Amino acid sequence: MSEHENSSAGPRLVSNRTMDIVVALVLLAVAAVVIVDSLRLGAGWRPIEGPAAGYFPFYIGLLLTISSVVTLVRAFLDRAGGEKTFVTKPAFRLVLAVLVPLVVYIVVLGFIGIYVASAIYIALFMWYFGKYPILRGATIGVAVSVALFLMFEVWFLVPLPKGPFEEFLGY
Amino acid sequence: MGGFAVVLNPFNLLLMLIGILLGVIIGVLPGLGGANGVAILLPLTFTMPPTSAIIMLSCIYWGALFGGAITSILFNIPGEPWSVATTFDGHPMAKQGRADEALTAAFTSSFVGALVAVILITFLAPLVAKFALKFGPPEFFAVQFLTFASFIGMGRGSPFKTLASMCLGFALASVGLDTVTGQLRMTFGTAELLTGFKFLTAVIGLFGIGEILASMESGLAFAGTQAKLNMKAVLQTWKKLPQYWATSLRSCLIGCWMGITPGGATPASFMSYGLAKRFSKRGDNFGKGEIEGVIAPETAAHAAGTSALLPMITLGIPGSPTAAVLLGGLLIWGLQPGPLLFIEQKDFVWGLIASMYLGNIAGLVIVLTCVPLFAAILRVPFSAIAPAIMVICAVGAYTINNAMFDVWMMGMFGIIGYVFNKLSYPLPPLVLALVLGDMAESSFRQSMLMSQGDLSIFWANGLVGTIFGLGMILLFWPVIQWVISKALTAKPA
């Protein structure tokens, strides 16, 4: 882990202020989607029915717009916030190193089944981050998968996504 | 008393012990907390009778509350956000070789806090429920409004970020089939969005994945201290504790108040720590290993965590994210939380309350005897635990609905959780809005139908007016505070 310890030092990638602005813009976009769809459904009053389906979300969208605009303006005015670091380069690389395999894992487990995918994921994670021998990682990965299998498929009878490997075993 | 009979059957007692053990483990592990621990294990309990299931889940919650203290004191890593304040004095005590004293004080004061809160629930819950039976849609909406307003008023940090986070939750909650008109909202032709966003997916992603991403970034260097608890040290500490009764009492009050109004355990622990520092004779010593600095936050956190269940069972409004997850469980089991629960499901309610008493006693015994065991868990390197937690999160997300879509959403919420955390957008309002969104909307629409669109229904009678007025005061509390402080500085006194 020695190379990861100083991850909070190092060159800055983005400042808090920049991220504040980006997130506020994303929220504004979400608010716009909500408002447009609410208007499509009708955000007013219908006789007999009462408030239309878009009534409540419309005002939620409006509130989201207002609060995000305030955050946005504040971020623009707040020069000091530009000093604060959101994430440094080494730290971001580390986060990506966790995030990308996670995304791959999430996508893949729908195809090859959760048990096989989990075993591989745990093995590789331990090997890469923990510098474990790959065999040790694989052992633990398989052990976790088998434990999950027994607990869910056998004990609680909750089916989890399975792939060709489980089919081959007759499940 | 019938409640104890429900709890005291071997199966429920066993589940209680399993729940507490699991809870402490969840509390000790970074990245897993009460809310997502309960969320992940929720699907497993669907095969059990509801009373047993809620007993096990609430015991996980107690366990997690206890577990957070172990890591804060021994390793200076708060396992849970509410145990951050415990590290201030707990870890220095451990470094001075007083870990056993700090742990005993933490566990005992958590127990005291919880006990006071449970007693409060026992006596107050039936009254609140009886009172709430008079509630109509406008009253319910007013209470929900009060809940969300108190987040804005009591929250630390930018009220606009709180509001944005809350609105995002409401917006996500409104996705899917509109229950009143049957129209599709914001689904954009996708079949997966028909049923809307599951708040369990959100909880697992926001708190679980987000937490792990944050922990990975900071790089984990464990600098732990050894701990062993023997009975002698426990007894010695217990002798000392009564002299801090004032701190305990104050912390209980803060905790109960913050738990019932959804301030939650985390602000309660900080507030209690701050007040203890101000009132203590040895306030200057705080931060250097003062036992009062452990007692205050732990008592408040546990009192808040427990009393958060009071509004959940009586009004159907959860006081904390974990209570929100439990509420989601109740809905899945077909139990409608709220005042009627006390009439229709007496066994369930009193079983739950009885399990709070027994669960906390069992919890205290377990944590006092098993500290070395739990500390050993922490010695397992993070790089081995992190992927296992990710896998458990994925399993948890999938089992909610047997849908891959939920697993993908979990990933997305993980990223949102990570970014929101770093920019100090609070997450509890988002989760609570996601859970309560549909209920708040339908009570609002029913009220509007009753009054034919006249907003004045929200101050039409004394009851709804008072609740709504309180909500308004809380909503504008930051503004009021600002005005008062301006007025005070304007004329030098």
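Model, not experiment: these values are computed from the prediction.

*Asks:* I would appreciate a short explanation of the overall build of chain B in the present structure.
*Replies:* Each helix and strand counted, chain B has 22 helices and 2 strands in total. When burial is assessed residue by residue, chain B has 62% of its 493 residues classed as buried. For chain B, the proportion of contacts with a sequence separation of at least 24, taken over those separated by at least 6, is 80%.

*Asks:* Help me out: how do you make sense of the overall build of chain A in this one?
*Replies:* Per the secondary structure count, chain A includes 6 helices and 4 strands. Starting at the N terminus and ending at the C terminus, chain A contains elements arranged as β-α-β-β-α-β-α-α-α-α. Sorting the 171 residues of chain A into buried and exposed places 35% on the buried side. A separation of at least 24 residues holds for 60% of the contacts in chain A among residues at least 6 apart in sequence.

*Asks:* What is the right way to read the domain arrangement of chain A from this model?
*Replies:* Think of interface size as the accessible area that goes away when the parts come together; that is how it is often given. Domain annotation of chain A identifies domain 1 (12-87) and domain 2 (113-168). Just the C-alpha atoms count here: the centres of domain 1 of chain A and domain 2 of chain A sit 41 Å apart.

*Asks:* Is there a simple way to explain the interface of chain B and chain A in this structure?
*Replies:* Across the contact, 51 residues belong to chain B and 56 residues belong to chain A. For the side of chain B that touches chain A, the secondary-structure elements that each account for two or more residues are α8 (159-174), α9 (199-218), α18 (382-401), α19 (404-422) and α20 (428-451) of chain B. It is α18 of chain B that contributes the most residues to the side of chain B that touches chain A, 11 residues altogether.

*Asks:* Whenever I open this one, the packing of helix α4 (residues 50-75) of chain B against helix α6 (residues 99-132) of chain B confuses me. Can you help?
*Replies:* Two quantities define a packed helix pair, namely the angle between the axes and the distance from one axis to the other. All names here are of chain B. Where α4 meets α6, the closest approach of the two axes is 10 Å, and the angle between their N-to-C directions is 155°. Taken together, α4 and α6 sit at an angle that is classed as roughly antiparallel. α6 is crossed by α4, and the crossing has right-handed handedness. For the pair α4 and α6, contact is made by Trp 62, Leu 65, Phe 66, Ala 69, Ile 70, Ile 73 and Leu 74 and by Ala 99, Ala 102, Leu 103, Ala 106, Phe 107, Ser 110 and Ala 114, respectively.

*Asks:* Looking at this structure, how should I read the packing of helix α15 (residues 321-332) of chain B against α20 of chain B?
*Replies:* Residues and elements named next belong to chain B. Relative orientation of the contacting elements α15 and α20 amounts to 20°, with a least axis distance of 9 Å. By the angle between their axes, α15 is roughly parallel relative to α20. Here α15 runs over α20; the crossing is left-handed. The segment α15 lies against α20, with Pro 321, Ala 324, Leu 327 and Gly 328 engaging Pro 428, Val 431, Leu 432 and Val 435.

*Asks:* How should I be thinking about the environment of Gly 97 of chain B in this particular structure?
*Replies:* All names here are of chain B. Following the sequence through the fold, Gly 97 ends up in the loop between α5 (84-95) and α6. Classification of Gly 97 as exposed rests on a count of 11 C-beta atoms within 10 Å. Linking Gly 97 and Leu 133, residues 36 residues apart in sequence, is a C-alpha distance of 54 Å.

*Asks:* Please explain helix α21 (residues 462-475) of chain B as it appears in this structure.
*Replies:* Think of an α-helix as turning once every 3.6 residues; residues three or four places apart then point the same way. Residue and element names in this part refer to chain B. Given a rise of 1.5 Å per residue, 14 residues ought to cover 20 Å, and the 20 Å separating the end C-alpha atoms of α21 matches this to within 8%. Taken residue by residue, α21 has Val 464, Ile 467, Phe 468, Gly 471, Leu 474 and Leu 475 as its buried positions. Each buried residue of α21 lies within a common arc of 115° when the element is viewed along its axis, so the set occupies one face.

*Asks:* Would you mind showing me how to read the nonpolar core here?
*Replies:* Nonpolar side chains in soluble globular proteins tend to end up buried together. By size, the foremost hydrophobic cluster in this structure holds 214 residues, and its most contacted members are Val 203, Ala 394 and Val 431 of chain B. In terms of residues, this core owes the most to one element, α4 of chain B, which gives 17 residues. Each of domain 1 (12-87) and domain 2 (113-168) of chain A gives at least three residues to this core. Once you skip the residues sitting within four places of it in the chain, Ala 394 of chain B turns out to touch Ile 106, Leu 109 and Ile 114 of chain A together with Val 407 and Met 410 of chain B.

*Asks:* Would you take a moment to explain helix α5 (residues 134-155) of chain A for this structure?
*Replies:* Compared with an ideal rise of 1.5 Å per residue, which puts 22 residues at 32 Å, α5 of chain A spans 30 Å between its outermost C-alpha atoms and is within 8% of the ideal. Where α5 of chain A is concerned, the buried positions are Gly 137, Gly 141, Val 144, Ser 145 and Phe 152 of chain A. Where α5 of chain A is buried, its residues meet α4 (114-129) of chain A together with α18 of chain B. Count one or two residues on from α5 of chain A and you reach Leu 157 of chain A, which has phi positive near 55°.

*Asks:* Whenever I open this one, the environment of Val 34 of chain A confuses me. Can you help?
*Replies:* In this fold, Val 34 of chain A is placed in helix α1 (residues 16-41). It is 15 Å that separates the C-alpha atoms of Val 34 of chain A and Ser 67 of chain A, two residues lying 33 residues apart in sequence. Beyond its immediate sequence surroundings of up to four residues, Val 34 of chain A is in contact with Pro 57, Ile 60, Gly 61 and Leu 64 of chain A together with Ala 171 and Met 186 of chain B.

*Asks:* I'm lost on the environment of Pro 372 of chain B in this one. Help?
*Replies:* Residue and element names in this part refer to chain B. Position of Pro 372 among the secondary structure elements: in helix α17 (residues 346-379). Look at Pro 372 and you get exposed, because 11 C-beta atoms sit within 10 Å. Here the alpha-carbon distance between Pro 372 and Ile 70, two residues 302 residues apart in the chain, equals 9.8 Å.

*Asks:* Please clarify how the confidence of the model for chain B should be interpreted in this entry.
*Replies:* Regions with low pLDDT carry predicted coordinates that are not meant to be interpreted in detail. Per-residue confidence for chain B averages 78 on the pLDDT scale, and 89% of its residues sit at or above 70. Here helix α1 (residues 2-7) of chain B stands out as the least confident element of chain B, with mean pLDDT 64; α19 of chain B is the most confident, with 88.

*Asks:* Please clarify how unusual backbone geometry should be interpreted in this entry.
*Replies:* For residues other than glycine, phi is negative in most cases, and the peptide bonds are mostly trans. Residue and element names in this part refer to chain B. Despite not being glycine, Ser 424 shows a phi value in the positive range, around 50°. Take Ser 424: it is sitting in the loop between α19 and α20. A count of 14 C-beta atoms within 10 Å places Ser 424 in the partly exposed class.

Rules used in this analysis
- Residues numbered from 1 in each chain as written.
- Chains lettered and ligands numbered in written order.
- Predicted model: local features only at pLDDT ≥ 70, side-chain atom pairs only at ≥ 80, totals over all residues.
- Helix = DSSP H or I, 4+ residues; strand = E, 2+ residues; numbered from the N terminus.
- Buried ≥ 20, exposed ≤ 12 C-beta atoms within 10 Å, placed from the backbone.
- Contact = placed C-beta atoms within 7 Å.
- Domains from an automatic or database assignment.
- Axes fitted to C-alpha atoms, helices over the stretch in contact; angles between N-to-C directions.
- Parallel < 35°, antiparallel > 145°, perpendicular 65-115°, else oblique.
- Left-handed = near helix turned anticlockwise from the far one by under 90°.
- Expected span 1.5 Å × (residues − 1).
- Arc of directions from axis to C-beta.
- Core = buried A, V, L, I, M, F, W, Y, C linked by C-beta atoms within 7 Å.
- pLDDT = per-residue confidence, 0-100.

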